[in-house]
Every structure is written in structure tokens, then in C-alpha cells.
There are 2 protein chains.
Amino acid sequence: MIGEEADRPVYIIAEKINGFVPRSGKAIEEGDAEYIKEIAIAQTEAGADYLDCSPATTNGYGDNLETMTWLINLIQEVCDTPITLDSPNVDILLEAMKLCKVPGMINSASLCEGKIDKVFPAIAGTDWKCVVMLDDDVRGIPSNAEGRIDNFRKVMQKAEEYGVDADQLFFDPLVETLGTNDQSFVCFSEVCRAIVAEAPEAHITSGLSNISFNMPSRKHINIPFMILSMFSGMDSAIVDPLNRDMMGCIYGASALMGNDEFCMEYIEAYRDDRFGVQKK
Amino acid sequence: MIGEEADRPVYIIAEKINGFVPRSGKAIEEGDAEYIKEIAIAQTEAGADYLDCSPATTNGYGDNLETMTWLINLIQEVCDTPITLDSPNVDILLEAMKLCKVPGMINSASLCEGKIDKVFPAIAGTDWKCVVMLDDDVRGIPSNAEGRIDNFRKVMQKAEEYGVDADQLFFDPLVETLGTNDQSFVCFSEVCRAIVAEAPEAHITSGLSNISFNMPSRKHINIPFMILSMFSGMDSAIVDPLNRDMMGCIYGASALMGNDEFCMEYIEAYRDDRFGVQKK
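Since the model is a prediction, treat every value here as computed from it, not as a measurement.

**Student:** How do you make sense of the packing of aromatic side chains when you look at a structure like this?
**Tutor:** Each aromatic ring pair is specified by the distance between its two centres and by the angle formed by the two planes. Under the defined criterion, the tally for this structure stands at 21 aromatic pairs over all chains. Ring centres of Tyr270 of chain A and Phe275 of chain A lie 5.9 Å apart, and the angle between their planes is 50°; on these two criteria the pair is classed as tilted. A relative accessible area of 23% places Tyr270 of chain A in the partly exposed class. Ring centres 6.4 Å apart and planes at 85° place the aromatic pair Phe120 of chain B and Tyr162 of chain B in the edge-to-face group. With a gap of 42 residues between them, Phe120 of chain B in helix α5 (residues 115–123) and Tyr162 of chain B in helix α6 (residues 145–162) connect regions that are remote in the sequence. On the accessibility criterion, Phe120 of chain B (0% relative accessible area) is buried. A relative accessible area of 28% means that Tyr162 of chain B is categorised as partly exposed. Clustering of aromatic rings is evident, with ring pairs tying together Phe185, Phe188, Phe225 and Phe231 of chain A together with Phe185, Phe188, Phe225 and Phe231 of chain B. Above the face of the Tyr270 of chain A ring, Lys279 of chain A is positioned so that its terminal group lies 4.0 Å from the ring centre.

**Student:** Help me out: how do you make sense of helix α2 (residues 33–45) of chain A in this one?
**Tutor:** The α-helix advances 3.6 residues per turn, and as a result positions three or four apart in sequence lie on the same side. All names here are of chain A. The end-to-end C-alpha distance of α2, which contains 13 residues, comes to 19 Å, matching closely the 18 Å that a straight helix rising 1.5 Å per residue would cover. Three or more residues of α2 are buried, namely Tyr35, Ile36, Lys37, Ile39, Ala40 and Gln43. Of the surrounding elements, those touching the buried residues of α2 are β1 (11–14), α1 (22–30), β2 (50–53) and α3 (65–78). Just downstream of α2, Gly47 is the residue with a positive phi angle, here 110°.

**Student:** What exactly am I supposed to notice about empty space enclosed by the protein here?
**Tutor:** As enumerated under the stated definition, the model contains one cavity of 30 Å³ or more in all. Tallied by class, the residues present in the lining of the largest cavity amount to four nonpolar, one polar and four charged.

**Student:** How do you make sense of the pairing of strand β5 (residues 129–133) of chain A when you look at a structure like this?
**Tutor:** Within a regular strand, side chains alternate between the sheet's two faces. All names here are of chain A. Counting buried positions along β5 yields four of five residues, so the element is predominantly enclosed. Where strand β4 (residues 105–109) meets β5, four bridges bridge the pair, whose relative direction is parallel. When the sheet's bridge partners are listed, Ile106 is paired in β5 with Cys130. The parallel pair β4 and β5, bridged by helix α5 (residues 115–123), forms a crossover whose chirality is right-handed. Here β5 pairs with strand β6 (residues 169–172) via four bridges, running parallel. By the bridge assignment for β6, Met133 is matched with Asp172. A crossover links β5 with its parallel partner β6, the connecting element being helix α6 (residues 145–162), and its sense is right-handed.

**Student:** It is not clear to me how the sheet that holds strand β3 (residues 83–86) of chain A should be interpreted in this structure. Could you clarify?
**Tutor:** Two pairing modes exist for strands in a sheet, parallel and antiparallel, and in both the strands are linked by backbone hydrogen bonds. Residue and element names in this part refer to chain A. Overall, parallel pairing links the eight strands, which are arranged β7-β6-β5-β4-β3-β2-β1-β8 in an open sheet. In the strand order of this sheet, the two ends are held by β7 (203–204) and β8 (236–239), each with one partner. Pairing analysis gives three bridges linking β3 to β4, with the strands arranged parallel. Residue Thr84 lies in a different strand from β4, and its bridge partner there is Met105. Its contacts with the sheet put α5 on β4, β5 and β6, and the angle it makes with β4 is roughly 160°.

**Student:** What should I look at first to understand the side chain of Asp136 of chain A in this one?
**Tutor:** Here Asp136 of chain A shows up in the loop between β5 and α6. Overall, the relative accessible area of 7% leaves Asp136 of chain A in the buried class.

Cut-offs and rules
Residues numbered from 1 in each chain as written. Chains lettered and ligands numbered in written order. Predicted model: local features only at pLDDT ≥ 70, side-chain atom pairs only at ≥ 80, totals over all residues. Heavy atoms only, no water. Phe/Tyr/Trp six-rings, centres within 6.5 Å; stacked < 30°, edge-to-face > 60°. Buried < 20%, exposed > 50% of the residue type's maximum accessible area, 1.4 Å probe, protein only. Helix = DSSP H or I, 4+ residues; strand = E, 2+ residues; numbered from the N terminus. Lys NZ or Arg CZ within 6 Å of the ring centre and 35° of its normal. Expected span 1.5 Å × (residues − 1). Contact = heavy atoms within 4.5 Å. 1 Å grid on protein atoms, 1.4 Å probe; cavity = no way out; pocket = protein on both sides within 12 Å on 5 of 7 lines; lining within 4 Å. Points joined across faces, edges and corners; volume = space filled by probe spheres on them. Nonpolar A, V, L, I, M, F, W, Y, C, P; charged D, E, K, R; others polar. Pairing = 2+ DSSP bridges. Right-handed = clockwise from strand over helix to strand, strands pointing away. Axes fitted to C-alpha atoms, helices over the stretch in contact; angles between N-to-C directions.

Encoded structure:
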């Protein structure tokens, strides 16, 4: 967590163990256990609170319980960082939960295809967390903030029905590509503020790649997106913790937002070589 | 301007022609006219709306009308970018105004030492702008936002008395060093929001170096400071337009804030080689 003493510390969900990341996809398809263990350790040392674990590759390989199991076991061999189980297949997620030594996070549920009705009973009363996307079966991704806030309220009702705490939920407001919708972040930010206002214990998360898809010099969209989203109430992101510029800016933004007493967290992260000119 | 179609486009005041910047201080002390002309052109090409022109060097050299005149003439020899006349000495500023071919900006006035009562009459009814610091003779820099907002209101009263338009004023809320005051940006942001709410035509500006003074890896404070300040209503900064990461993040933040139709400004700035991997 960054901003540990803050009302809303920021949780880093490390993104690299994902079959859609080319180097990881290659490792998954080739059964390269050493590479998976290496990036599990590296991401943990860089400050990951959760390690995302998404076995499916771009070639359609890996989206099965066997590959998920292989990855979970490799990660748990080298670290005890909680795992974010990431699959479009809810049945794989529910089976994989049983393999985890410490409670992690389900990625993801939503109102679509009754996923919430399968996932919420499984995490109720536990320390498991869950990413909840704000789309639905009828509208897909609602085009405006109102539609997504509406879905957020429906999810919160479901959570109450199933006995899931707001603190277990990481809402993903679903950011569209800025290049095709130049009001995409304006909408995202509005949804974030509504969630914070209505359920301050709930969390907000997002991936960072969608916003800058097809744009040049993507870091100059991704970094401002992260910073502006934090200021809008987002307290988590699925991000590469080895991206030193991104991490430096997250620590810097957290300090600026008044969440870092005497800036000690910023200074210690710098000393730990998490950003700035590389020491080792 | 960045975000030309926006309610609050962002004005770039280029910072390099300043005797406290080591390379420029050397050029001023050695009378190196070529270097001054070179950075006047380079900063203009990089998108400067104003060229700050601050003759005083760290050795106490240059804070006089003669050096100011030398710099103004060099700048005007190579470009017609408006000049921000920057000196602690109001008499030099008022004399230097007469040398400028196009209306520029006074940097700065404040309630201190009756500076406003000298500067405001000189700019009333003209197209000149003025940076106004929010300190005062009694308190220096007020320690909290209320004190600075109080001074902002006093300045707005003075502006009305002298017939100066809100649009002529670039308020500097005065940011303290984050390392000695970890609530410094929280205060700064509050002052920004109050100014936008009470005088939406007025501008807000700041230097970027003070916030990160004595901190490691200063860019990871400066870039988030710029982005978070833009989101709080700051629409100008005294900044190095040749700093490609900073400029990329300003264009990115402007696009994210919904101020860049189809992201065309971002894409054009990238094509013009203002940020991203250097093309030339």
C-alpha cells in the first residue's frame, strides 16, 4: 500500500503475470517456470500488494484450471503475496480460490451472466476481495456515468444481500479509450467521485492500458490518468510496479495529496530504488 | 496555449531566461548574446506562450534596467513571443514595459510594499498581464488557505478600483516546499478552487521548483504537482517547455480533462516532436 496512514491508501495490483503480456505469454506457453518465479519476486520486491495471475494467452492457450494451478503454485513457491485470480471463466476462479494459501482477489465479477451471484456467496464472510466491473447484460458498458453509477448501486445491493462488505469490493468503472472518446476520463472521474461519496469503504481500481490504446507516447496518457484518477478517489490500479516513472509519480501524487507524513514513504521508496536513477 | 478550445486553456511561461538558472546566469554574466537568442527561439518553438526574462544572477549581477534591456532586445530580435518581465524591483518592471513591442506580463506584484498600487495603474486598460503573489506585509505568506484566499479577495478589490480586468491577473497561490510542509499542496489546491469559484476569468500560475526543493527525484514530485494543480484549476505554469516529459504529461492531462477534441492537440504536439522519443 502507498499512503498507509491515509483514508484511502493505494493498492498496487501487479500486472505482469498475464498471458497477454508477450514475455509472460511466451513463458506460459513454453512452461518457463523460472521466468514466472522471477517476476513474482521482482514485482513483490517492487511493492506489489497483489500479483495478478491471468493464464490465457493471445493464442487461446492457458485459459484452464491446469495452467492457473501451475501459475499459482509457482508464485506460492517463491512469495506469499496475495494473488489476484484473473479469468473470464468464473468456474476456474472458484476452483482456484481453494489453492491459495492466503486470501486474494477475484478478477472479476459483474452483473453480466449472473457472475456476481456465483462469486459473492464464495467470498462472503472471508477476507477475499473482488474486482467488480460496472457493465451489465442489457447495455454492455453504459455510455455515461449515470448508467455505471446505477450499476454500482445494484452491485452494492447484491453485496448487502449476500453479506459481502463494501471493503471487499474493488469497483472498475471501465475506462474507454481516449482516442475514440475524448470525454472518457471525465466520465470515469465522475463515477469515481460517486463511489467515494456513497460507499467510502469500497475501493476503485482500473487497468492503465485501455485509456491510451492506439495513442502515441502512451506513458504521457497513462501517468496523468493514474494521477488524476487518484485525485478522483481511485485507490488501486493494475499496473507494472517495475515501471519506475509510474511508481515515482504514484508516490509523488500520494505525498502531494497529503497522505505521506514528512514525505517519509516517498523518500524511503526512493532509497529502496523503486524510482529515480537506478542504483543497482 | 494547451487546450485552446477549453474554458481554461493552459498558458506556458517558459522559465529558462533566468539568471538563477546556471547556464543562463553564465550567459548573462558573460554577455553571451547567442545563447540567449538560441533559447528564446527554442522555447518559442516548444510552445511557450510567454518567455520569462529575469536578469538577476546568483552572484547579485544583472538586477538592473541595463541588463533587462539587453535581454529584451535580444529576445525581440529573434521572436515576437510576449515577454514576462521578472524582477523584484518594480521600477525596473515599469521602465522595461516601455521597451516591449507586444504586451507581455509583469512578474510580479502583490499586496507587499504597495507594489500593486504601482503596477495596476500601469496595466489598467492595456493588454498587459500581471502575476500576483498572495503574500502580504503583515503575515508574509499566510500559513493556511483562508489567509491566501483573503489576500486574493483584497487584490480583486484593488483590481476593480484600478480598472484592471480579472483576465489580466495570474494569481500565484505560493506553494511551500513539500519536504517541510506535507500539507502544502492540499492548501495550494484549496486556494486554486476558491479562485476559480470566485473569479473564473482570473488565471492561476506557479513555478514548479519550490514544491520539490530538497526532495530526491524531483520530477516525480513536479509532474504530479503540475497535473494535480491543473485538475484544481491552475491554468498556467512557469516551466521549461523543453522538458519533454513535463510537456507530454501536460498535453496528456489536458486531453484527459476533456479539453482536447479527438485528442488532436496531443497528437499534433507529438508529431511536432514536443514529447515522446526524440525524432531530430
